[in-house]
Amino acid sequence: MGTARRDVGEREYELRVVAFLDVLGFSNLVEEADHSEEPREIILTIIRTLRDTLARNPRVGFEFTQFSDSIVISAGLNLYGINAVFSGCRMLATNLIQRGILLRGGIAVGNLTHTDDVLFGTGLLKAYGCDASGAPPRIALHSTMKDAVDDYSAMYGLSEQVIRDHYDLTPILDTFLDFAEFDPKPEPGKVDLIEPARVIAGHINASASNRELPASVRAKWRWMRDYWNRSVTRGGYLQLADVDDAD
């Protein structure tokens with residue numbers, strides 16, 4: 001009992017809300033890191049961002065594990081657990097894109113054991129299945145999430161955090177919700193998103209039009225440009241990304 005190490009028996013194999021997230025372009029950075037200091041610094045920035053953004057919360061069973069370019073987040077299947085996973089994914093996605101890094105993945109409900117030493121279950125497989133190769137940089141919601149969101153939506157408005165992909169109508173987590181709802185009117189404790197929005201729009205502009213990037217990568221940034229512009233247009237206060245469809 002005096003050790004911080006937890007045995008599998010201390011956490012049952014139980015229904016949980018699970019997110020599997022993939023840092024896009026991480027593998028290429030690792031390959032380049034042997035030959036250049038810049039990709040090594042970017043990798044360290046990514047890892048620091050992960051550790052600074054996410055923290056365990058025993059009250060809702062919130063756990064996260066990072067290995068290579070992948071992150072797994074999970075929490076208890078209840079109102080607070082779902083909101084914790086949604087909030088963690090949204091914060092991580094927006095913190096990374098402010099550093100020019102895209103995130104993709106999925107969120108599902110399923111059985112899972114998630115401890116320091118053990119991570120397995122059908123919930124992880126379902127969330128991982130949402131992270132389709134070549135898909136846009138979005139966090140898709142597995143069909144198992146619908147009932148969970150509907151059950152708790154009236155209590156917390158969880159459905160407000162879910163939108164449809166503007167391209168194929170897949171249900172996704174609205175990672176730009178805070179930017180879409182931003183109002184510059186000063187209020188105590190309110191976070192000013194004007195500068196973060198400027199930084200995000202700048203990264204989108206630079207990458208969506210960068211001819212040195214592979215066409216598949218530019219396509220992901222152009223999807224992000226469309227998503228960003230649709231989001232901030234709702235409030236009308238934050239900087240749009242430039243629209244230039246020339247290839």
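Quick caveat: nothing in here was measured; it's all calculated off a predicted structure.

> I keep staring at the nonpolar core and nothing clicks. Help me out?
Note on soluble globular proteins: their nonpolar side chains tend to be buried together. Ranked by internal contacts, the top residues of the largest apolar core, which has 37 residues, are I73 and I107. Residue contributions to this core peak at nine residues, all from helix α3 (residues 79-97). Apart from residues lying up to four places away in sequence, I73 is in contact with V17, V18, A19, L21, L54, F62, E63, F64, V85 and C89. Of all hydrophobic cores here, the second largest spans 21 residues; its members include F176, L193, Y227 and V232.

> I tried to follow the pairing of strand β4 (residues 103-114) on my own but got confused; where do I start?
Along any regular strand, the residues point their side chains to alternate faces of the sheet. With eleven of twelve residues buried, β4 is to be regarded as a mostly interior element. As paired elements, strand β1 (residues 14-23) and β4 share ten bridges and run antiparallel to each other. Bridge pairing in β4 places L21 opposite G105. In the sheet, β4 pairs with strand β6 (residues 139-141) via three bridges, with the strands oriented parallel. Note on β6: the bridge partner recorded for G105 is I139. For β4 and strand β5 (residues 119-120), the ladder comprises two bridges, and the chain directions are antiparallel. The residue bridging T113 from the neighbouring strand is F120, located in β5. In this structure, the hairpin formed by β4 and β5 is closed by a connection of four residues.

> I tried to follow the pairing of strand β2 (residues 63-67) on my own but got confused; where do I start?
Sheet topology note: the β2/strand β3 (residues 70-76) ladder contains five bridges and is antiparallel. The partner of F67 across the bridge, within β3, is S70. With antiparallel pairing between neighbouring strands as the criterion, β2 and β3 make up a hairpin whose turn holds two residues, including S68 at a positive phi of roughly 50 degrees.

Rules used in this analysis
Residues numbered from 1 in each chain as written. Predicted model: local features only at pLDDT ≥ 70, side-chain atom pairs only at ≥ 80, totals over all residues. Heavy atoms only, no water. Core = buried A, V, L, I, M, F, W, Y, C linked by side-chain atoms within 4.5 Å. Buried < 20%, exposed > 50% of the residue type's maximum accessible area, 1.4 Å probe, protein only. Helix = DSSP H or I, 4+ residues; strand = E, 2+ residues; numbered from the N terminus. Contact = heavy atoms within 4.5 Å. Pairing = 2+ DSSP bridges.

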